[in-house]
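Here are the chains, one letter per residue:
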Amino acid sequence: MIYFATKKMIKLKSSISKYLMFRWLCVGFYFLFLAVTANASEAPVLDLYSEKSHWALKGYLDVAQDNTDVSIPQLFEDDSLFSHSLNVPVWGFKNQPQWVRFTIRSHLSEACLCMLDIAPAFTDDIQLYWIDAKSKLQTIRTGDLIPTDQRPINLPQLILPITLEPGEERVFLLRISSADPLSADIHLWKKEAFLLQTQKDNFYMSAYLILLATITFSGLIYSLPLKSKLYKYYTLYVFSQFSFQLASSGYLGWLTAPSWPYFSDFVANASIFSSMIFFGLLFVQLTQMNQDHPRLTRDYIYITGIVSGLCLLLSLTEYKVFGNYFSHIYIVILIIFSVVFSLYRIQQKKYKLGGYCFFIYGILAVGLILHVIRSQGLISHNFWSDNAIYIGTLIHLFSVQFMVHLQIFFSLKESEKTLEYRIKKRTEELLLSNKKLKETNDRNLLLQAELQKSLRQESRIRETQQDFLRMVSNEFRSPLSVIDGAITLLSMSDRTEYTTRLQWLERIRGAKQRLTALVDTSLWDQRLADEKWQPSSVNIDLNTWLLQLAENLRRMYNDRDLQFQAMETVSLDIDADILKMVLQNLIDTVVLQTPQVKKYL
């Protein structure tokens, strides 16, 4: 296992080394291409004819570095200070200004007012010098740092007017300086053609900015009820793109005319750095890198945030050229990494995810490459080449929006499934709780019924006790009176006859048995009220048992003649106590109901 892990690590290191080597080779070839853009020959003269209304100055420019020891008149006269540029001059990030020289000759029949259009629009300072017919040095100035009301032409673009007389040939010097990448994509327009082109460019740029603003506004409205972090990141990402395009195109300074000249640059830089952060936050979630590689995701976000913050701080200092240079390099690295990681997803056989991410970030890379190639003058000047970066950005943003909606949809579906599962589980728990509650309720009802039954039994026992007390007060009075009277008579005279004494003693014994029978009857009432009581079975000889019962009854009712008629011998298995109570109650009832009868059989 260790062997295979080591082998896999070596293979991974080899792939990373190859990727880094390929990346640095590309960067080296790019800068080599930028460096080899000039030869020693002098630039040709640009001839103006009436057949055309627009001229590109590519191939008509001489370039030289700024030399403070040489005066401007010497720059006009000394051709050795310049070298001819075959393509659009691109210097990259430079601290010092750059000089461009070109010559224009008019073959028009009348004086011509032409507009010199210098791109990009975020160039900080542009100064145009020429020597007029009176051999005086003239200059006009424009630039991103120049307030729009102080520019020669009050437009978002950097425009310098040039007037040429018929047959006039004039040499112009252009001084360019900026903290952003330096280049000089220069075009010359006749006034009428320039106005038409400006209207068209303004229309396209306005439509582009309005579209970005609409996406941002709709995203803000949609993200409030949606409560999705992913869609909020996308909305802020679009807003960053909108702010950058508004500032870098010159429209922000043209519309607001801020008093601080670096306001547009600051907004553009802040938009770039915030765009990098939201780009990274969207990337790690769209590619699901945060699920498979959490440590790489954390490092990726931390590094992007640190680089963005550091570059923003540098843009406010004298090192802003270095900060802008480093931020542009890091943006290229981010795009390259996005494309490579998308290919890695495809290599993992996640074809849908990897393919769509490759399209999202690949189209952005293609737009950036076409923009760079167009700025080098390697492709022709047309609508598609001029707006490649904008078209690529729009396709990129709409593709990201579609994928964000797709992920939110699947997330909502997953949330619905989770919610359904939780509802089902909760319902089962609720049903189980209801079942347990029903069982508890049934037990409570059963206990309540038993309690009510016990209360009824207790009520019956209480009534029985009250009946017993009433019976004691009524039934016990006669036997006790008999006992009391007999005892009194016996104590009055010692000379009482023996026969009489025996009669009184019998009456006392009968009264005693009568009391005992009453007590037994009351006890039997309680026993019979108890549901748990069970009768006992005893084998008895019925004749013998009845004879003994008759003797007891005679003592109890000594004023009545109770006679017992014997039957055949009968043996029974019966509860003798119950039978005794029944017969006693029966005889007692008969005696009470028939006081006139004195003899019973």
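Here's what I pulled together on the structure shown here.

About the thresholds
Residues numbered from 1 in each chain as written. Predicted model: local features only at pLDDT ≥ 70, side-chain atom pairs only at ≥ 80, totals over all residues. Heavy atoms only, no water. Pairing = 2+ DSSP bridges. Helix = DSSP H or I, 4+ residues; strand = E, 2+ residues; numbered from the N terminus. Axes fitted to C-alpha atoms, helices over the stretch in contact; angles between N-to-C directions. Contact = heavy atoms within 4.5 Å. Core = buried A, V, L, I, M, F, W, Y, C linked by side-chain atoms within 4.5 Å. Buried < 20%, exposed > 50% of the residue type's maximum accessible area, 1.4 Å probe, protein only. Parallel < 35°, antiparallel > 145°, perpendicular 65-115°, else oblique. Left-handed = near helix turned anticlockwise from the far one by under 90°. Polar contact = N/O pair within 3.5 Å; in protein donor to acceptor, adjacent residues only side chain to side chain. Expected span 1.5 Å × (residues − 1). Disulfide = S-S within 2.5 Å.

A closer look at the sheet that holds strand S14 (residues 185–190)
Within the open sheet, the four strands sit side by side as S3-S14-S8-S11. Their pairing is antiparallel. The strands lining the two open edges of the sheet, one partner per strand, are strand S3 (54–56) and strand S11 (158–164). Each neighbouring strand pair of the sheet contributes to a mean axis angle of 25 degrees, computed without reference to strand direction. Contacts from helix H3 (residues 191–226) reach strand S8 (112–119), S11 and S14, with the element oriented near 115 degrees to S14.

Observations concerning the nonpolar core
Judged by nonpolar contacts, the single largest core of 50 residues is most densely connected at Tyr234, Leu282, Tyr361 and Val404. Within the residue set of this core, elements represented by two or more residues are H3, helix H4 (229–248), helix H5 (251–256), helix H6 (263–286), helix H8 (294–314), helix H9 (320–347), helix H10 (351–375) and helix H12 (388–475). The element that contributes the greatest number of residues to this core is H6, accounting for twelve residues. Excluding residues that lie within four positions of it along the chain, Tyr361 makes contacts with Phe279, Leu282, Phe283, Leu286, Thr287, Ile335, Ser338, Val339, Ser342 and His396. Membership of the second largest hydrophobic core comes to 30 residues, among which are Val100, Ile118, Leu158 and Leu160.

Quick word on the environment of Asn387
Residue position: Asn387 is located in the loop between helix H11 (383–386) and H12. We classify Asn387 as buried; its relative accessible area is 17%. Measuring from C-alpha to C-alpha, the distance between Asn387 and Met205 comes to 9.5 Å, with 182 residues separating the pair along the chain.

Observations concerning the pairing of strand S9 (residues 125–131)
Where burial is concerned, most of S9 is hidden: six out of the seven residues are buried. Taken together, the six bridges between S9 and strand S12 (residues 169–177) define a ladder with antiparallel strand orientation. When the bridges of S12 are listed, Leu128 appears paired with Leu174. Examined bridge by bridge, S9 and strand S10 (residues 137–142) share six bridges and lie antiparallel to one another. Counted as the bridge partner of Ile126 is Thr142 from S10. The hairpin turn running from S9 into S10, its antiparallel successor, is five residues long, and Ser135 in that turn takes a positive phi close to 60 degrees.

Examining the packing of H4 against H6
At a closest axis distance of 8 Å, the pairing of H4 and H6 adopts a crossing angle of 150 degrees. Classified by the angle their axes make, H4 and H6 are roughly antiparallel. Of the two possible hands of crossing, H4 and H6 adopt the one that is left-handed. Contact with H4, carried on its side by Leu230, Tyr233, Tyr234, Leu236, Tyr237, Ser240, Gln241, Ser243, Phe244 and Ala247, involves Ser264, Val267, Ala268, Ser271, Ile272, Ser274, Ser275, Phe278, Phe279, Leu281, Leu282 and Gln285 of H6 and no other residues of that element.

Here we look at the side chain of Arg345
You can see Arg345 is positioned in helix H9. Arg345 gets classed as buried once you look at its relative accessible area, which sits at 0%. A distance of 2.6 Å separates polar atoms of two side chains, one belonging to Arg345 and the other to Asp292. Those residues in contact with Arg345, other than ones at most four positions away along the chain, are Thr287, Gln288, Met289, Asp292, Lys350, Leu353 and Gly354.

Description of helix H16 (residues 576–593)
An α-helical segment advances 3.6 residues per turn. Residues three or four places apart therefore align on the same side. Between its first and last C-alpha, H16 extends 26 Å over 18 residues, near the 26 Å set by a 1.5 Å rise per residue. Taken residue by residue, H16 has Ala576, Leu579, Met581, Gln584, Asp588 and Val591 as its buried positions.

What to know about the state of the cysteines
This structure, assessed with the given rule, holds zero disulfides. Unpaired in this structure, Cys114 has its nearest cysteine sulfur neighbour in Cys112, at a distance of 3.1 Å.

Observations regarding the environment of Gly143
Inspection of the secondary structure assignment puts Gly143 in the loop between S10 and S11. A sequence separation of 13 residues divides Gly143 from Pro156, and the C-alpha atoms of the two residues are 9.9 Å apart. Once residues lying within four places of it in the same chain are set aside, the contact partners of Gly143 are Thr123, Asp124, Asp125, Ile126, Arg151 and Leu158.

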